[in-house]
Amino acid sequence: MCPVIETRQLTKAYGVFKAVDNLCVSVDRGEIFGLLGPNGAGKTTTVSMLCTILKPSFGSAFVNGFDVVRESGMVRKSIGIVFQDPSVDDRLTGRENLLMHANLYGVSVSLQRERIAHVLKLVELEDRADDLLRTYSGGMRRRLEIGRGLIHQPKVLFLDEPTVGLDPQTRDHIWRYIKELRETHEITVVLTTHYMDEADRLSDRIAIMDHGRIVVLDSPQQLKQTLEGDVIAIKSNSSECLGTLLANSLGFTNQRFETGILEVTVANGKATMPRIVEFANQNNIYIESIILREPNLEDVFLHYTGGSIREDNTKELHGLSAIHRRGIR
């Protein structure tokens, strides 16, 4: 079976700087594919090329069998996009927003009523369809945007930070919609997100990008298993000092600090915890709490990129909508 998305040495360069560097990846039909990376890693540029918003500098990419450069019109007809920033017109009703999008995508007039009714039911906005968007909550707008991206029955749906700024309950609601889309419509979903739990829960596979390249690609479970260790989270009255002593005296060098908490990755957490407590007491360091847990996707991300997903040390534009607004082609 041919992949729905395939890139071959896909590259986007700005002078000598390569925002995306020789990318080769494929995404299967019906897959939810997560794309993670620090700001500036190249994920937004990658998705923008796949959506035909940016043209590649080198290499090729195919979406639904169409070349993103030579057949950009066909690519656009077969994809849906949900931007990170709001992109619905709050002067229109929900139904009017869907109708406008149906017209823009050339949905036959004879099918529009049926399609709009189906989408409204899917995102559970039937009872608010004729209310102005300005009366919608943030979660309702997000649901309408997802529905709008489906009105022309795309084969691939690109979701750029679909739940940013939403409360946990609404995020959970959106997750359910995304999973139902894959199960009922066999839609391929490409997801970019800052939420590790979201990527872990939704994605069949995750690609972590850094400096324009994919540094690792696998299922969330397999990625977590690659770390081969337990994480011990320690809160003490001197976390940095304890970390230095543990590294120098006991050889526990795989560690990081997170809001005053020292996290140490070791091979056998249960056997190591008593040693750490005893060692801290010997050095007059008071441990307030110590917790043992398995590695999570955040640990994987930090392991492969060496930094937090929210770090922003580059000038890459953030979000598909930011690129679209600035008119880059």
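For clarity, every value in this text was computed on a predicted model and none was experimentally measured. (Residues numbered from 1 in each chain as written. Predicted model: local features only at pLDDT ≥ 70, side-chain atom pairs only at ≥ 80, totals over all residues. Heavy atoms only, no water.)

Asks: Please clarify how the overall build of the protein chain should be interpreted in this entry.
Replies: Check the secondary structure of the protein chain and you find 12 helices and 14 strands. Within the protein chain, the fraction of its 329 residues that count as buried is 51%. In the protein chain, of all internal contacts separated by at least 6 residues, the share reaching a separation of at least 24 is 70%. If you sum the accessible surface of the protein chain, you get close to 16000 Å²; carbon and sulfur atoms cover 49% of it. Put simply, the protein chain has 39 plus and 43 minus side-chain charges, and the middle of one group is 6 Å from the middle of the other. (Helix = DSSP H or I, 4+ residues; strand = E, 2+ residues; numbered from the N terminus. Buried < 20%, exposed > 50% of the residue type's maximum accessible area, 1.4 Å probe, protein only. Contact = heavy atoms within 4.5 Å. Areas by Shrake-Rupley, 256 points an atom, 1.4 Å probe, with all protein chains shown as cover. Lys, Arg positive; Asp, Glu negative; His and termini not counted. Charge placed at Lys NZ, Arg CZ, Asp CG, Glu CD.)

Asks: Looking at this model, I keep getting lost on the environment of L150. Mind explaining?
Replies: Mapped onto the elements of the fold, L150 is located in the loop between α5 (138–148) and β7 (156–160). It is 9.5 Å that separates the C-alpha atoms of L150 and A102, two residues lying 48 residues apart in sequence. Setting aside residues no more than four positions away along its own chain, L150 makes contact with L122, L157, L181 and I187.

Asks: Looking at this structure, how should I read the packing of aromatic side chains?
Replies: Two measures describe an aromatic ring pair: the distance that separates the ring centres and the angle between the ring planes. Considering all chains together, one arrives at 0 aromatic pairs under this definition. The cationic tip of R171 hangs over the ring face of Y195; the distance from NZ or CZ to the ring centre is 3.8 Å. Above the face of the Y177 ring, R176 is positioned so that its terminal group lies 5.4 Å from the ring centre. (Phe/Tyr/Trp six-rings, centres within 6.5 Å; stacked < 30°, edge-to-face > 60°. Lys NZ or Arg CZ within 6 Å of the ring centre and 35° of its normal.)

Asks: Any chance you could explain the environment of R95 here in plain terms?
Replies: Structurally, R95 can be placed in helix α3 (residues 94–104). Note on R95: relative accessible area 34%, which makes it partly exposed. Along the primary structure R95 and I32 are separated by 63 residues, whereas in three dimensions their C-alpha atoms are 28 Å apart. Non-local contacts of R95, meaning those with residues more than four positions away in its chain, are made with I116, L120, A129 and D130.

Asks: Sorry, what's going on with the nonpolar core here?
Replies: A general trend in soluble globular proteins is that nonpolar side chains are found buried together. Judged by nonpolar contacts, the single largest core of 28 residues is most densely connected at I5, C51, V63, I79, V156 and F158. Every element with two or more residues in this core is listed here: β1 (5–14), β2 (17–27), β3 (32–36), α1 (43–50), β4 (58–63), β6 (79–82), β7 and β9 (205–210). Residues contacting V63, with those up to four places away along its chain left out, are V4, I5, L50, V68, V75, I79 and V156. Judged by nonpolar contacts, the second largest core, of 17 residues, contains L122, L150, L157 and L166. (Core = buried A, V, L, I, M, F, W, Y, C linked by side-chain atoms within 4.5 Å.)

Asks: Looking at this model, I keep getting lost on the side chain of R143. Mind explaining?
Replies: Within the secondary structure layout, R143 lies in helix α5. If we ignore the near neighbours within four places in the chain, the residues touching R143 are V123, E124, L125, H173, I174 and Y177.

Asks: Sorry if this is basic, but what is going on with α5 here?
Replies: Because each turn of an α-helix spans 3.6 residues, side chains separated by three or four positions end up pointing in the same direction. For α5, the tally of buried residues reaches 9 of 11 residues, placing the bulk of the element in the interior. Taken residue by residue, α5 has G139, M140, R142, R143, L144, E145, I146, G147 and R148 as its buried positions. The elements touched by buried residues of α5 are β6, α3, α4 (109–122), β7 and α6 (168–185).

Asks: Even after reading the chapter, I still don't get the sheet that holds strand β12 (residues 255–258), so can you show me in this structure?
Replies: Sheet strands pair via backbone hydrogen bonds, and the direction of the pair is either parallel or antiparallel. Judged by pairing direction, the sheet is antiparallel, and its 4 strands sit side by side in the order β12-β13-β11-β14 without closing on themselves. Every other strand in the sheet has two partners, leaving β12 and β14 (287–293) as the edge strands with one partner each. In this sheet, neighbouring strand axes are inclined to one another by 20° on average, regardless of whether the strands run parallel or antiparallel. Relative to strand β13 (residues 261–266), strand β11 (residues 230–236) runs antiparallel, the two sharing 5 bridges. Note on β13: the bridge partner recorded for I234 is L262. Across the sheet, helix α9 (residues 239–250) is in contact with β11, β12 and β13; its angle to β12 comes to roughly 175°. Together, β11, β13 and β14 form the strand contacts of helix α10 (residues 269–282), whose direction differs from that of β14 by roughly 165°. (Pairing = 2+ DSSP bridges. Axes fitted to C-alpha atoms, helices over the stretch in contact; angles between N-to-C directions.)

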